[in-house]
Amino acid sequence: MSPIFLIAIPLILAFLSIISHKIAPYLVIAGTLFNSIALWFITPGVHSIGGFELPIGINLYVDTYTMLGLAVVNLLFLCVVIIHIQKQKKYASVLLVALVGLNGLLLTGDLFNLFVFLEISGIAAYILSTSNQKPYHTFQYLVMGSIGSSLYLFGLIILYAMVGSLNLMHIVHLIETQNIPYSSLILPFLLMFIGLGVEAKLLPFNAWVKGILSHAHGFVGSIIASVYAATISFVFGRLILHVFQFEGRILLVITILLLVGVVLGEAMAFSTSKAREILLYSSIAQASIVILLFVQGLVIWAVYLIIANAIAKFVLFTVIGHASKEQCDELSTLSGLFQKHVFVGIATTIATLSMMGLPLFVGFLIKVNYVMILANQSQWLIIIVLILSAVVEGIYYVRMLTKLWFSEQETPNVQYAWGVQALLAIMAAFLLIFGIIREPLSRFDDTIDQITEEIEVLF
Amino acid sequence: MKKLFGFVLVMALGIIIILSLQANPEFPAFGDVDLSDRISIRFIERDAMGDILYGITENLESGAANIVTAIVVDHGHLTPGGGFPGGTMIASSILLLYLADDQFRSKVKTFKWIEGLAGSFYVILGIIGLLVSGYFLKNILPNGVIGDLLSSGMIPIVYMLIGLKVGSEIAGVIDHFLSEEETI
Amino acid sequence: MTLLDVIMLILSLLLLIMAFLAVSSKHTMKSVVFLSVLSMLSVVGFILLQAPDVAITEAVVGSGLVTALFIFSLLSMKPKGEKQ
Amino acid sequence: MIQYAAILMMMIGLYGLFINRHVMKIIVSLNVLELGLNLFIISIGYVTGGIAPIMTSTHATSALLYVDPLPQALVLTSIVIGVGTTALGLAIARKIYETYGTLDLERLEDK
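To start, this report covers the structure provided alongside it. If you're wondering where the values come from, they're calculated on a predicted model, not measured in any experiment.

### Observations regarding the overall build of chain A
Phase 1 of the analysis: For chain A, the count of helices and strands is 19 helices and two strands.
Phase 2 of the analysis: The C-alpha atoms of chain A give a radius of gyration of 21 Å, which matches the 23 Å a tight globule of 459 residues would have.
Phase 3 of the analysis: Here the C-alpha coordinates of chain A stretch approximately 70 × 60 × 45 Å along the principal axes.
Phase 4 of the analysis: By the burial criterion, 68% of the 459 residues in chain A qualify as buried.
Phase 5 of the analysis: Once local pairs closer than 6 in sequence are excluded, the contacts in chain A between residues at least 24 apart make up 81%.

### Remarks on the pattern of salt bridges
Phase 1 of the analysis: Throughout the structure, instances matching the rule amount to six salt bridges over all chains.
Phase 2 of the analysis: A salt bridge links A:K210 to A:E277; the nearest nitrogen and oxygen atoms lie 3.8 Å apart. With a gap of 67 residues between them, A:K210 in helix α9 (residues 207-213) and A:E277 in helix α12 (residues 275-296) connect regions that are remote in the sequence.
Phase 3 of the analysis: Judged by relative accessible area, A:E277 falls into the buried class, the value being 12%.
Phase 4 of the analysis: Here B:K165 ties to B:E115 by a salt bridge, and the two come within 3.7 Å at their closest N and O atoms. Of the two residues, B:K165 is situated in helix α7 (residues 155-178) and B:E115 in helix α6 (residues 111-133); the sequence distance between them amounts to 50 residues.
Phase 5 of the analysis: Relative accessible area serves as the criterion here: at 10%, B:K165 is assigned to the buried category.
Phase 6 of the analysis: With relative accessibility at 9%, the residue B:E115 sits in the buried group.

### Details of the interface of chain D and chain C
When the parts come together, some accessible area is lost, and that loss is often what is quoted as the size of the interface.
Phase 1 of the analysis: Across the boundary between the two partners, chain D contributes 44 residues, which contact 45 residues of chain C.
Phase 2 of the analysis: When chain D packs against chain C, close to 3800 Å² is buried across both sides, 79% of that on carbon and sulfur atoms.
Phase 3 of the analysis: Three residues stand out in chain D for area buried against chain C, namely D:I2, D:K25 and D:Y97, and they jointly supply 15% of the buried area on that side.
Phase 4 of the analysis: Viewed at the interface, chain C and chain D are joined by zero salt bridges.
Phase 5 of the analysis: There are four residue pairs in polar contact (both at pLDDT 80 or more) connecting chain D and chain C.
Phase 6 of the analysis: Within the residue set of the side of chain D that touches chain C, elements represented by two or more residues are α1 (2-19), α2 (23-44) and α3 (69-100) of chain D.
Phase 7 of the analysis: Ranked by the residues each element gives to the side of chain D that touches chain C, the list is headed by α2(D), at twelve residues.

### Here we look at the pairing of strand β2 (residues 59-62) of chain A
Residues and elements named next belong to chain A.
Phase 1 of the analysis: The side-chain alternation of β2 yields two buried faces, one formed by N59 and Y61 and the other by L60 and V62.
Phase 2 of the analysis: Of the strand pairs in this sheet, strand β1 (residues 45-48) and β2 are connected by four bridges, and their pairing is antiparallel. Residue pairing across strands places V46 opposite Y61, the latter belonging to β2.

### Some remarks on helix α8 (residues 186-199) of chain A
Counting along an α-helix, one turn takes 3.6 residues, and residues three or four places apart therefore face a common direction.
Phase 1 of the analysis: Between its first and last C-alpha atoms α8(A) spans 20 Å; for 14 residues at 1.5 Å apiece the expected length is 20 Å, and the two agree.
Phase 2 of the analysis: In terms of residue burial, α8(A) counts as a mostly covered element, since ten of its 14 residues are buried.

### Regarding the nonpolar core
Phase 1 of the analysis: Core analysis: the largest hydrophobic core is formed by 290 residues, its most contacted members being A:F244, A:Y370 and D:F40.
Phase 2 of the analysis: When residues in this core are grouped by element, the largest group, 20 residues, is from helix α13 (residues 299-326) of chain A.
Phase 3 of the analysis: Two domains each donate at least three residues to this core, and these are domain 1 (1-32) and domain 2 (34-183) of chain B.
Phase 4 of the analysis: When residues no more than four places from it in sequence are discounted, the contact partners of A:Y370 are A:I289, A:L293, A:L298, A:W301, A:L305 and A:L386.
Phase 5 of the analysis: Within the second largest apolar cluster, five residues are counted, among which are B:A118, B:L125, B:M154 and B:V158.

Calculation notes
- Residues numbered from 1 in each chain as written.
- Chains lettered and ligands numbered in written order.
- Predicted model: local features only at pLDDT ≥ 70, side-chain atom pairs only at ≥ 80, totals over all residues.
- Heavy atoms only, no water.
- Helix = DSSP H or I, 4+ residues; strand = E, 2+ residues; numbered from the N terminus.
- Rg over C-alpha atoms; globule rule 2.2 N^0.38 Å.
- Buried < 20%, exposed > 50% of the residue type's maximum accessible area, 1.4 Å probe, protein only.
- Contact = heavy atoms within 4.5 Å.
- Salt bridge = Lys/Arg side-chain N within 4 Å of Asp/Glu carboxyl O.
- Buried area = accessible area lost by both parts, 1.4 Å probe.
- Polar contact = N/O pair within 3.5 Å; in protein donor to acceptor, adjacent residues only side chain to side chain.
- Pairing = 2+ DSSP bridges.
- Expected span 1.5 Å × (residues − 1).
- Core = buried A, V, L, I, M, F, W, Y, C linked by side-chain atoms within 4.5 Å.
- Domains from an automatic or database assignment.

Right, here's the structure in full:
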């Protein structure tokens, strides 16, 4: 089956959902269900559009890397829709457009098409974030996002003027064969990196994150912090691995920038006492770690880290965002939340412990493996920063968990539906099972990314 | 003072970008582009073989005729123009109707139908191409003779759908802006 | 230096001046009008650079639609609180 | 010439984003930035003495000097996206005005 259906079917449903508001929520459920089922049947390889062969036309590219991304994004999107569609009916069309944009971002093999999908998913995200009822922060997000994508387009056009192509694989091939010196590629690559860095929450381009996520309830929080973050990280990883390929002094600058991002994110998470701010600063730090792993060339562990983070963030933002909508944001008012909701409490605890990287959970496995590989490359500075950040992370997460489990005064009154509890339990079980049974994780290794082989076949 | 500082800073950034582009041997100077190393030259090469058609200018009259929206949309494959500018012109004419007639609002509701159906037909057209020939949006109609109104395969149909879609969509946006109801 | 070069030089200067005025004028309505003028000037630029398709679109969108949207939203927000 | 003017126009837009604290003017600055970017993209494809990339029936097969058609297609897409962003920004601006009663970001930053 052609992967174009993952984009085309939600697009049709989005157009149809404009007509009638009554059927729109069912169309959203139909679209996400279709995508979650259809993604298991798509055929890997290059799919060109409009009958034009690879360097000319737009193409979609599917390999194991893309498949993992598609599976994570579509299944998490399905969970978001199932939980929240009842209360957010007026965002039905926007949700479908967001689904189109996210699938397109993962699938496309054309860098300009990537820009278009970046804007589509970006505009959908701006509209979704209006449900926070904080228009000033939405406006800030819109301005930052537009500047980011403009800078990405600027860099891409300079690259096009140099190499004369817009196709990802063709660009990689041309840069290799035409012997373009790296020094003349720094400017476009830096502009594209900054442009995508705005969306990927990298410091110092992430001024919008605080405004959006610190007021987010479960709906916006789980979509932007989990689904969008996973997608952008997958796209970013592919660009870093194949197009940017930082080297020399620029590698040092980027690494230091990312390390500063990790340290500052963890420090700010440590110093705040609001539940959602802890989560958002920690997700800034996690995004920097993921990009750092990609820059260092550790493909598979970065991918696992993205997936584990997306699931854990989904659980945390659903639980805390839901509780904070009805109560105040401060940790002290939320204390004792889990005494009534033991299932939710256990799921949240598992997700948090997995993010901290304690043994028995999947986060531990990932952390040990990438630290080992970095030690083999003797990147001691990075290892020290990562371990220190893990310690800080442990402290503030444990502090948060103890606040949420135990309390002296009366407990806050928050209701969780049974369906939500079941979904959270499934996700927590997922994190636990993959932490104990390690067999499935070793099925994949760094060869999940097939672009280099594909280029040799094609050109 | 702050403004002056910001201006100097930003201009310095611009001049740095310009200088680095000038010093870059790979970056072509203005007007000095070698098209043979760009992928777009392959379009032109294939064009010579008659594979692709993307526009023909018949005579100068077509420029004057562009004022009429229908011609802009219908002749998108022959002259400059096409779905998006034409659709925007439709929306502008609706804007004028708005300014002239206060009662116009009630009729605007039907635009939602046009918008949804035109968009859906566009995707369905693409899927038909996929089912018939294996490529999404593959041209399945004959190319025709250069210069005819009914040429260039599916492009006129696609342009017409896009024109309807864009026109009704932007009319909806204008409707939201002029009415006092909540936009978001 | 051909005639085209001279025209382009004048156009570039005009573009820069209009862009600066649009960005830094005190009155909001003025900067919207300057944006419209800037859009019209860039249409001339697009035609000089042999892009008629883009020129038509920019003329319709940039100086027609976007300006209309700006003015409508400025009018719908009664300018009582803002003196700028 | 016009290429460098386009880059400087982008930078003026960026400058406007830095100094302006008024919602409407920020959207205007964003538009200036996008307009400069569009001009830059078109200027990338310009060939001295080239003609507009429109095939006519008289010289469909002869090898004429066309300017690069690809950047023009890119700019059409980019203009459409710019309109969408602007319209959304204006809608949000109106929402800001309804919620806070002002469009000056200095005054509503602490709210």
